Structures are given as structure tokens and as C-alpha cells.
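Residues per chain, in single letters:
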Amino acid sequence: MATRNVIKIGDEILRKISKPVKNFDENLWELLDDMRETMYKNDGAGLAAVQVGVLKQAIVMEINNMYFELINPEIVKQEGEEIAKEGCLSVGGVQEYVKRPHKVTVRAKDRYGYDIEITGEGYLARCICHETDHLKGILFVDKIEKGYKE
Ligand code: NI
């Protein structure tokens, strides 16, 4: 395992569309392991492969001491909405209010290519949306609720 450099906003790769993973092999596992280590080192709650310069649909997250890996994720259901602050390892030091669904269900593959489905509320739902946005070249700063105060 190794940590990789986190790409910062302004680099155009963050605006590119990530491609579906086809091979669930050692290359993917090494990428995921490196992403996990990179996320921990930077105190992040989530990281998408594009943030380490790899345009593959792969996400790692750690929420409430639960670790998740989502490959080729697709949000299939969403309910409600919630405005809360979020940040991003590619956008250092900034936290802004963003509206997200309160609850989402995501279908994905695990690192071996098996189907998984996760339903999350609140912060987990927020992280799933934030990270899947990365795979479409979308950053949270595109969605700031301007003028919102709690
Ligand atoms: Ni991010």
C-alpha cells in the first residue's frame, strides 16, 4: 500500500467522467488499498479514484467507523432533502452548505465484482452523493446553497 497525491481543484481531470471498472483484479485492489490509505492520511471521509488521477468509477468512504468500497455505483433511489456543510479533500479548508437527499439507495459492485446495495441516511447519504458526483466531474462547490444560514 502507498499513499497517493490528492489532486486539487483547478486541475481539469477533476471535471472528467470516470469510466466503469471492468476488471476486478489486482490493479483495482491496489488502487482501492492506496485510496483507503490516502483517505486516512488526509483525514477524509471519502475519496473517489479521480482524486488520485485515475478515471475509474471507484469510491472509498469511512463513515462512523464503517468502511465502504463502491465500484460502478449508481444511485437508484433518493428521498427527502437536507442542507448541511460539506468539504472535500480536493478543495482544501472550505466547508459550505449543500442540499442533498436525506436518504439514498446505491447499487454498486464490491472489489470482487459482486453486487452490493447500500441504503444510507444523513451523513452517509451525503457522502454517497458527494463521491458519486466526483465520478461525473461534479464538485460540491458547484452546488453551494448561497446565503443559507442555519
Ligand atoms: Ni470530494
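Refer to the preceding data block for the structure.
As the structure is a computational prediction, the values presented were derived from the model and not from experiment.

Enquirer: Which parts of the structure should I look at to understand the pairing of strand β2 (residues 58-63)?
Expert: It is a general feature of regular strands that their side chains alternate between the two faces of the sheet. Of all the six residues making up β2, five are buried; the element is thus mostly covered by neighbouring parts of the structure. Pairing of β2 with strand β3 (residues 66-79) involves six bridges; the strand directions are antiparallel. Of the residues in β3, the one forming a bridge with I63 is M66. Following β2, the chain reverses through two residues before pairing antiparallel with β3; N64 in that reversal takes a positive phi of roughly 50 degrees.

Enquirer: Teacher, can you tell me more about the coordination of the nickel ion here?
Expert: Ideal coordination angles are 109.5 degrees for a metal with four donors arranged tetrahedrally and 90 or 180 degrees for a metal with six donors arranged octahedrally. Only C88 (SG), H130 (NE2) and H134 (NE2) from the protein coordinate the nickel ion, and they sit 2.0 to 2.3 Å from it. Motif for the nickel ion, donor spacing along one chain: C-x41-H-x3-H. Taken together, the residues C88 in strand β4 (residues 82-88) and H130 in helix α2 (residues 122-135) connect sequence positions 42 residues apart. Take C88: its relative accessible area is 11%, and that puts it in the buried class.

Enquirer: I keep staring at the pattern of salt bridges and nothing clicks. Help me out?
Expert: Oppositely charged side chains are able to pair whenever their charged atoms sit close together. Evaluated as defined, the whole model comprises 13 salt bridges. Measuring nitrogen to oxygen at the nearest pair gives 2.9 Å for the salt bridge that ties R111 to E69. On the criterion of sequence distance, the pair formed by R111 in the loop between β6 (103-109) and β7 (115-121) and E69 in strand β3 is long-range, its members being 42 residues apart. Of the two residues, R111 and E69, both sit in the buried class.

Enquirer: How do you make sense of the packing of aromatic side chains when you look at a structure like this?
Expert: By convention here, two paired aromatic rings are described through the distance between centres and the angle between planes. A complete count under the given rule lists two aromatic pairs for this structure. Ring plane angle 70 degrees and centroid distance 4.8 Å describe the contact between Y97 and Y148, whose orientation is recorded as edge-to-face. Taken together, the residues span a long stretch of sequence, with Y97 in strand β5 (residues 91-100) and Y148 in the segment after α2 at a distance of 51 residues. Its relative accessible area of 13% is what places Y97 among the buried residues. Above the plane of the ring of Y67 lies R36, whose end atom (NZ or CZ) is 3.6 Å from the centre.

Enquirer: Even after reading the chapter, I still don't get helix α1 (residues 26-41), so can you show me in this structure?
Expert: For an α-helix the count is 3.6 residues per turn, leaving residues at separations of three or four pointing the same way. End to end, α1 covers 22 Å across 16 residues, agreeing with the expected 22 Å (1.5 Å per residue, within 8%). Of all the positions in α1, only L28, L31, L32, D34, M35, T38 and M39 are classed as buried. Around the axis of α1, the buried residues are gathered within 165 degrees of arc, so they sit on the same side. With respect to the buried face of α1, the exposed residues turned more than 90 degrees away are E26 and K41. Contacts from the buried residues of α1 go to β1 (46-48), β2 and β3. Directly beyond the C-terminal end of α1, a positive phi value near 60 degrees is found at D43.

Enquirer: Can you help me understand unusual backbone geometry in this one?
Expert: Of all residues except glycine, most have a negative phi; of all peptide bonds, most are trans. Despite not being glycine, N64 has its phi angle at roughly 50 degrees, a positive value. With respect to the helices, strands and loops of the structure, N64 is situated in the loop between β2 and β3. Taking relative accessible area as the criterion, N64 reaches 71% and is therefore assigned exposed. Positive phi values are uncommon outside glycine, yet N72 reaches one of about 50 degrees.

Cut-offs applied
Residues numbered from 1 in each chain as written. Predicted model: local features only at pLDDT ≥ 70, side-chain atom pairs only at ≥ 80, totals over all residues. Heavy atoms only, no water. Buried < 20%, exposed > 50% of the residue type's maximum accessible area, 1.4 Å probe, protein only. Helix = DSSP H or I, 4+ residues; strand = E, 2+ residues; numbered from the N terminus. Pairing = 2+ DSSP bridges. Donors = N, O, S within 2.8 Å, 3.2 Å for Na, K, Ca; no water. Salt bridge = Lys/Arg side-chain N within 4 Å of Asp/Glu carboxyl O. Phe/Tyr/Trp six-rings, centres within 6.5 Å; stacked < 30°, edge-to-face > 60°. Lys NZ or Arg CZ within 6 Å of the ring centre and 35° of its normal. Expected span 1.5 Å × (residues − 1). Arc of directions from axis to C-beta. Contact = heavy atoms within 4.5 Å.

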